Amino acid sequence: MSAEAATSWQKNLDRLGLTLPAVVPPVAAYIPAVRTGSLVYTSGQLPFVDGQLSATGKAGAEVSLEQAAEAARLCALNALAAVHDLVGLDNVVRIVKVVGFVASAPGFSDQPLVINGASEFLGEVFGDAGVHARSAVGVSELPRNTPVEVELIAEVR
């Protein structure tokens, strides 16, 4: 992929009216992202906006499917910020894998639709290079009562 194509990632964010936020400081004993070889692994990212969670509660109860999908999108944006802070967004070759956790009310089974918020966003930013393998997992609780947590693996140059 040419350097010109790589810089389109930032142009795509601009087109979407988005800027990469500051990386959220870790709340425990970990770092936001780590590189090994040509891969960057992010820690699980929460849907923080200006230091506040965009939503709290469980998908299918206090949080609607639509709100949870938007939270997943914000998690993915925060994950990109962690990648950018480590290696620069222009160095991303492709998104390899996304893992999403959804705090789910009993009987809620639309975790894949929630994590589509992250997956579709990554497609908007990276096009075909944003198509990835994925897991969407329902859990009973997440840190800080957030409805969604997303981590990703990116291939970088």
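Just so it is clear, the model here is predicted, and its values are computed rather than measured. (Residues numbered from 1 in each chain as written. Predicted model: local features only at pLDDT ≥ 70, side-chain atom pairs only at ≥ 80, totals over all residues. Heavy atoms only, no water.)

Colleague: Honestly, the pairing of strand β5 (residues 92-103) in this entry has me stumped. Any pointers?
Modeller: In summary, the side chains of a regular strand alternate between the two faces of the sheet. Looking at chain direction, β5 and strand β7 (residues 148-156) are connected through nine bridges and run antiparallel. Counted as the bridge partner of Lys-97 is Ile-153 from β7. Pairing of β5 with strand β6 (residues 133-139) involves seven bridges; the strand directions are parallel. Within β6, the residue paired with Ala-103 across the bridge is Val-139. Read from β5 through helix α3 (residues 111-126) to β6, the crossover connection turns out right-handed. (Pairing = 2+ DSSP bridges. Helix = DSSP H or I, 4+ residues; strand = E, 2+ residues; numbered from the N terminus. Right-handed = clockwise from strand over helix to strand, strands pointing away.)

Colleague: What is the right way to look at the side chain of Ser-119 in this model?
Modeller: Assignment of secondary structure puts Ser-119 in helix α3. The exposure class assigned to Ser-119 is buried, which follows from its relative accessible area of 14%. Apart from residues lying up to four places away in sequence, Ser-119 is in contact with His-132 and Arg-134. (Buried < 20%, exposed > 50% of the residue type's maximum accessible area, 1.4 Å probe, protein only. Contact = heavy atoms within 4.5 Å.)

Colleague: I would appreciate a short explanation of the packing of helix α2 (residues 65-87) against α3 in the present structure.
Modeller: Each pair of packed helices gets described by two things: the angle between the helix axes and the distance between those axes. Interaxial distance between α2 and α3 falls to 7 Å at its minimum, and their mutual angle equals 45°. Considered as vectors, α2 and α3 are oriented oblique to each other. Here α2 and α3 pass one another in a crossing that is right-handed. Of the residues in α3, those in contact with Leu-65, Ala-68, Ala-69, Ala-72, Arg-73, Ala-76, Leu-77 and Leu-80 of α2 are Leu-113, Val-114, Ile-115, Gly-117, Ala-118, Phe-121, Leu-122, Glu-124, Val-125 and Phe-126. Split by residue class, the contact of α2 with α3 holds 15 nonpolar, one polar and two charged. (Axes fitted to C-alpha atoms, helices over the stretch in contact; angles between N-to-C directions. Parallel < 35°, antiparallel > 145°, perpendicular 65-115°, else oblique. Left-handed = near helix turned anticlockwise from the far one by under 90°. Nonpolar A, V, L, I, M, F, W, Y, C, P; charged D, E, K, R; others polar.)

Colleague: Help me out: how do you make sense of the environment of Ala-68 in this one?
Modeller: Position of Ala-68 among the secondary structure elements: in helix α2. Sequence separation between Ala-68 and Pro-21 is 47 residues; the distance between their C-alpha atoms is 19 Å. For Ala-68, the residues in contact, after removing those within four places along its chain, are Ala-59, Val-63, Val-114 and Val-148.

Colleague: How should the side chain of Ser-43 be read in this particular structure?
Modeller: Mapped onto the elements of the fold, Ser-43 is located in the loop between β2 (39-42) and β3 (48-49). Judged by relative accessible area, Ser-43 falls into the buried class, the value being 18%. Here Ile-31 takes part through its backbone oxygen, which lies 2.5 Å from a polar atom of the side chain of Ser-43. Those residues within four positions of Ser-43 in sequence are excluded, and the remaining contacts are Tyr-30, Ile-31, Pro-32, Val-150 and Glu-151. (Polar contact = N/O pair within 3.5 Å; in protein donor to acceptor, adjacent residues only side chain to side chain.)

Colleague: Can you walk me through the packing of aromatic side chains in this structure?
Modeller: Remark: the centre distance and the inter-plane angle together describe each pair of aromatic rings, the angle taken between the planes. Taken as a whole, this structure holds one aromatic pair when the rule is applied. When the ring of Trp-9 is compared with that of Phe-126, the centres are 4.9 Å apart and the planes differ by 70°; the resulting orientation is edge-to-face. Residue Trp-9 is found in helix α1 (residues 3-15), and its partner Phe-126 is found in helix α3; the two are separated by 117 residues along the sequence. With respect to class, Trp-9 is no different from Phe-126; both count as buried. (Phe/Tyr/Trp six-rings, centres within 6.5 Å; stacked < 30°, edge-to-face > 60°.)

Colleague: Just checking my understanding: could you explain the sheet that holds β6 for this structure?
Modeller: The strands making up a sheet are joined through hydrogen bonds of the backbone, oriented either antiparallel or parallel. Across the sheet, five strands lie side by side as β1-β2-β7-β5-β6; this open sheet has mixed pairing. Each edge of the open sheet is held by one strand with a lone partner, namely β1 (33-36) and β6. Shown here is a sheet whose adjacent strand axes are inclined to one another by a mean of 15°, direction ignored. Of the strands in this sheet, β1, β2, β5 and β7 are in contact with α2, which crosses β7 at around 40°. Sheet strands in contact with α3 are β5, β6 and β7, and its direction is about 160° off that of β5.

Colleague: For this particular structure, what's the right way to read α2?
Modeller: For an α-helix the count is 3.6 residues per turn, leaving residues at separations of three or four pointing the same way. Look at α2: 33 Å from first C-alpha to last across 23 residues, which is about the 33 Å you get at 1.5 Å a residue. Note on α2: the residue one or two positions beyond its end, Gly-88, has a positive phi of about 90°. (Expected span 1.5 Å × (residues − 1).)

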